[in-house]
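Observations on chain architecture
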Amino acid sequence: MSRHSLVVCIANEGYQASLELRKLYESLPDAEAARLGQLRVIDESGEDYLYPASFFVAVTLPEPVAEKLLHAA
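Along the chain, Asp-43 turns up in the loop between β3 (38–42) and β4 (48–52). Although Asp-43 is buried, it forms no salt bridge, and the closest oppositely charged side chain is Lys-23 at an N-O distance of 9.2 Å.

The next thing to look at is the pairing of β3. Where a strand is regular, its side chains alternate between the two sheet faces. Of the two faces of β3, only the one carrying Leu-39 and Val-41 is buried; Gln-38, Arg-40 and Ile-42 on the other face are not. Note that strand β2 (residues 24–28) and β3 share three bridges and pair antiparallel. Bridge assignment links Ser-27 to a residue of β3, and that residue is Val-41. Note that β3 and β4 share five bridges and pair antiparallel. The partner of Ile-42 across the bridge, within β4, is Asp-48. Hairpin geometry of β3 and β4 is characterised by an intervening segment of five residues between the two adjacent antiparallel strands and by a positive phi of about 90° at Gly-46.

Any space left empty among the atoms is revealed by the rolling of a water-sized probe across them. If you add up the space inside the second largest pocket, you get close to 200 Å³. If you trace the second largest pocket, you find it lined by Arg-3, His-4, Ser-5, Leu-6, Ala-58, Val-59, Thr-60, Leu-61, Glu-63, Ala-66, Glu-67 and Leu-70. Contributing elements (two or more residues each) for the lining of the second largest pocket: β1 (5–9), β5 (56–59) and α2 (63–72). Looking at side-chain class alone, the lining of the second largest pocket contains six nonpolar, three polar and three charged residues.

A word on the packing of aromatic side chains. The final tally for this structure, using the stated rule, is four aromatic pairs. An angle of 90° between the planes, with centres 5.0 Å apart, marks the rings of Tyr-15 and Tyr-51 as edge-to-face. Taken together, the residues Tyr-15 in the loop between β1 and β2 and Tyr-51 in strand β4 connect sequence positions 36 residues apart. Taken together, the ring pairs in this structure connect Tyr-15, Tyr-25, Tyr-51, Phe-55 and Phe-56 into an aromatic cluster.

Reading the values: rules and limits
- One numbering rule holds for all chains: residues counted from 1, following each sequence as written.
- Side-chain atom pairs in this predicted model are given and counted only at pLDDT of 80 or more, local residue features only at pLDDT of at least 70, and totals for whole chains, interfaces and linings cover all residues.
- To obtain the side-chain values, all non-hydrogen atoms of the structure were used and water was disregarded.
- Here a strand is any run of E in DSSP of at least two residues, a helix any run of H or I of at least four, and the numbering for each starts at the N terminus.
- Partly exposed describes any residue whose relative accessible area lies between the buried limit of under 20% and the exposed limit of over 50%, with all areas from a 1.4 Å probe on protein chains only and scaled to the type maximum.
- This count recognises Lys and Arg as positive and Asp and Glu as negative, with His and chain-terminal groups excluded.
- Each reported salt bridge corresponds to a side-chain nitrogen of Lys or Arg within 4 Å of a carboxyl oxygen of Asp or Glu.
- Whether two strands pair comes down to DSSP finding at least two bridges between them.
- Using protein atoms alone on a 1 Å grid, points that fit a 1.4 Å probe yet trap it form a cavity, whereas open point sets bounded by protein on both sides within 12 Å along at least five of seven lines form a pocket; residues with an atom within 4 Å of a point count as lining.
- Grid points are joined across faces, edges and corners, and a volume is the space filled by probe spheres set on the points.
- Basically, the charged four are Asp, Glu, Lys and Arg, the nonpolar ten are Ala, Val, Leu, Ile, Met, Phe, Trp, Tyr, Cys and Pro, and anything else, Gly included, counts as polar.
- Stacked, edge-to-face and tilted are the three classes for Phe, Tyr and Trp ring pairs, Trp counted by its six-membered ring, which pair at centre distances within 6.5 Å; planes under 30 degrees apart are stacked, over 60 edge-to-face, the rest tilted.

As structure tokens, then:
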């Protein structure tokens, strides 16, 4: 992953206060985290934290939509 991307949360066991199911989140590139099966995500606190990669599915949106979403926050 070379740039910010969007992912949808599909599981949040143990992280219900930080992650909402079916919500889009911004994911940040982190090669070391990926190697460990983790994903760096900006959560409900507005900060980036590591979560199990299995909690998310990558979302592909048309570029204009993705740009607007990533710059809206």
